[in-house]
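As a plain string of letters, each chain reads:
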Amino acid sequence: MMQQPGRLIGLGVGPGDPELITLKALRLLRESPVVAYFVAKGKKGNAFGIIEAHLQDAQTLLPLVYPVTTEVLPAPLSYEQVISDFYDGASQELALHLDAGRDVAVICEGDPFFYGSYMYLHDRLAERYQAEVVPGVCSMLGGASVLGAPLVYRNQSLSVLSGVLPHDELKRRLADADAAVVMKLGRNFPKVRQVLEELGLAQRALYVERATMANQKIVPLDEVEPMSSPYFSLIIVPGERWQG
Ligand SMILES: C[C@@]1(CC(=O)O)C2=NC(=C\c3[nH]c(c(CCC(=O)O)c3CC(=O)O)Cc3[nH]c(c(CC(=O)O)c3CCC(=O)O)/C=C3\N/C(=C\2)[C@@H](CCC(=O)O)[C@]3(C)CC(=O)O)/[C@H]1CCC(=O)O
Ligand SMILES: C[S@@+](CC[C@H](N)C(=O)[O-])C[C@H]1O[C@@H](n2cnc3c(N)ncnc32)[C@H](O)[C@@H]1O
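Let me sum up the structure you'll find in this document. Model, not experiment: these values are computed from the prediction.

1. Brief notes about the side chain of Ser229
Within the secondary structure, Ser229 sits in the loop between β9 (217–218) and β10 (233–237). A polar atom in the side chain of Ser229 sits 3.1 Å from the side chain of Tyr207. Side chain to side chain, Ser229 and Ser233 meet in a polar contact 3.2 Å long. Ignoring sequence-local partners within four residues, the contact set of Ser229 consists of Leu185, Gly186, Phe189, Tyr207, Glu209 and Val224.

Spelled out as structure tokens, the structure:
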């Protein structure tokens, strides 16, 4: 008899506070024989840190270690190729478990479909295997909560922007936004702050590092040390308050 393949599960575990995991994610995490997680070299993994207290001895752990995050690659290696090969390899590793009938939960910090690496596994595997995605509280909502910043009132629209965007592109989009969230700061921080200053938005903008995590830090935007901003930080420009 053919072995019934396992399920691929993209499991959002929330932005950091272990209590911000959903009941459904917790149940599926406990039921999954294999737990995979993305992690930067030499680090513990943010998603892993959120759920590790719930793991049981019988579960197989599958760390998927990024070959590169911020390092400059020597020619002829390109970031896109190295990352694409990495996702190919990770998908094959997962497929071995799925083919053997084992469910694999890929735990994701925040939400899996919101800038999560899980998306690249999903794109490679979801046509071949049954895939289930459990949404998580994403970082911008965790950030808005700890900053005490209502995001959008009434008919305002929210722009979610990547700090990786070039200066002019970021400026054009921010100039048009009622309210905005800028993700992926890290080395992009000085450029993002510069744009906010040029637009006169710096006073309204709020900055948080590792929102809801134990080492969360909220710093006034003009006091952030430019080169110390971690990748896990974001800026919120809340919508103008509506006197309802
Ligand atoms: C190149 C760069 C640019 C960019 O963001 O575009 C980038 N990651 C950078 C840095 C960085 N990444 C991480 C750390 C350690 C953080 C720490 O632990 O403190 C650091 C910083 C460091 O190493 O110092 C870990 C990490 N990365 C992702 C997750 C979440 C997840 O996997 O869900 C986690 C946490 C896993 C966990 O721990 O739970 C996910 C993504 N990161 C991607 C790209 C995309 C994948 C590649 C692709 O497909 O292109 C994707 C999927 C986002 C996407 O799709 O856009 C940027 C350089 C910016 C710069 O120049 O400063
Ligand atoms: C690869 S994306 C992952 C997003 C995640 N899947 C989510 O749902 O929020 C990484 C970016 O999310 C933001 N981020 C994730 N978690 C964060 C947190 N706890 N506090 C602040 N920013 C966070 C940062 O801007 C970071 O550069």
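2. A word on the sheet that holds β9
Pairing is mixed across the open sheet formed by five strands, whose spatial order is β6-β7-β10-β8-β9. In this open sheet, the two edge strands, each paired with only one partner strand, are β6 (158–162) and β9. Pairing of strand β8 (residues 206–209) with β9 involves two bridges; the strand directions are antiparallel. Within the sheet, the bridge partner assigned to Val208 lies in β9 and is Ile218. With respect to the sheet, helix α6 (residues 167–176) is in contact with β6 and β7 (179–183), its orientation differing from that of β6 by roughly 170°.

3. Observations concerning helix α1 (residues 23–31)
Taken as a whole, α1 has its buried residues at Ala25, Leu26, Leu28 and Leu29. In the core, the buried residues of α1 are packed alongside β1 (8–12), β2 (34–39), α2 (46–51), β4 (104–108) and β5 (131–134).

4. Some words on the state of the cysteines
The tally for this structure, following the rule as stated, stands at zero disulfides. The thiol sulfur of Cys108 is not disulfide-bonded, and the nearest other cysteine sulfur, from Cys138, lies at 13 Å. Judged by its relative accessible area of 5%, Cys108 falls in the buried class.

5. Some details on the nonpolar core
Inside soluble globular proteins, nonpolar side chains tend to come together where they are buried. Ranked by size, the top nonpolar core spans 23 residues in total, and within it Phe38, Leu64, Leu94, Val106 and Leu121 carry the most contacts. At the level of elements, β2, β3 (60–65), α3 (79–99), β4 and α4 (118–125) are the ones that each hand at least two residues to this core. Contacts of Leu64, omitting those with residues within four sequence positions, involve Ala36, Tyr37, Phe38, Val39, Phe86, Ala90, Glu93, Leu94 and Leu121. Residues Ala180, Phe189, Tyr207 and Leu221 belong to the second largest nonpolar core, which totals 19 residues.

6. Some points on the packing of α6 against helix α7 (residues 189–198)
It is the contact of α6 with α7, at a shortest axis distance of 10 Å, that shows an interaxial angle of 45°. Compared by their axis directions, α6 and α7 come out oblique. Note on packing geometry: the crossing formed by α6 with α7 is right-handed. Residue-level inspection shows His167, Leu170, Lys171 and Leu174 of α6 in contact with α7, the latter providing Lys191, Val192, Gln194, Val195, Leu196 and Glu198.

7. Thoughts on the packing of α3 against α4
As a packed pair, α3 and α4 sit with axes 9 Å apart at the nearest point and diverge in direction by 65°. Like other packed secondary-structure pairs, α3 and α4 cross with a definite hand, here right-handed. Contacts between α3 and α4 involve Ser84, Tyr87, Asp88, Ala90, Ser91, Leu94, Ala95 and Leu98 from the first element and Tyr120, Leu121, Arg124 and Leu125 from the second. Its residues assigned to classes, the contact of α3 with α4 comprises eight nonpolar, two polar and two charged.

8. Looking at the environment of Pro15
Its place among the elements puts Pro15 in the loop between β1 and α1. Residue classification places Pro15 among the buried residues on the basis of a relative accessible area of 1%. Sequence-wise, Pro15 and Asp111 are 96 residues apart; in three dimensions their C-alpha atoms are separated by 8.1 Å. Aside from chain neighbours lying at most four places away, what touches Pro15 is Leu20, Ile50, Glu109, Gly110, Val137, Cys138, Ser139, Gly142, Ala211, Thr212 and Met213.

9. A few points about the pairing of β7
Here β7 lies mainly inside the structure; five of its five residues are buried. Burial along β7 is two-sided: the residues Ala179, Val181 and Met183 and Ala180 and Val182 are all buried. By the bridge criterion, five bridges tie β6 to β7 in an arrangement that is parallel. Within β7, the position partnered with Ser162 by the bridge is Met183. Remark: the β6/α6/β7 crossover connection has right-handed handedness. When β7 meets β10, the two strands line up antiparallel, connected through three bridges. Across the sheet, Ala180 pairs through a bridge with Val237, a residue of β10.

Conventions we followed
- Residues numbered from 1 in each chain as written.
- Chains lettered and ligands numbered in written order.
- Predicted model: local features only at pLDDT ≥ 70, side-chain atom pairs only at ≥ 80, totals over all residues.
- Heavy atoms only, no water.
- Helix = DSSP H or I, 4+ residues; strand = E, 2+ residues; numbered from the N terminus.
- Polar contact = N/O pair within 3.5 Å; in protein donor to acceptor, adjacent residues only side chain to side chain.
- Contact = heavy atoms within 4.5 Å.
- Pairing = 2+ DSSP bridges.
- Axes fitted to C-alpha atoms, helices over the stretch in contact; angles between N-to-C directions.
- Buried < 20%, exposed > 50% of the residue type's maximum accessible area, 1.4 Å probe, protein only.
- Disulfide = S-S within 2.5 Å.
- Core = buried A, V, L, I, M, F, W, Y, C linked by side-chain atoms within 4.5 Å.
- Parallel < 35°, antiparallel > 145°, perpendicular 65-115°, else oblique.
- Left-handed = near helix turned anticlockwise from the far one by under 90°.
- Nonpolar A, V, L, I, M, F, W, Y, C, P; charged D, E, K, R; others polar.
- Right-handed = clockwise from strand over helix to strand, strands pointing away.

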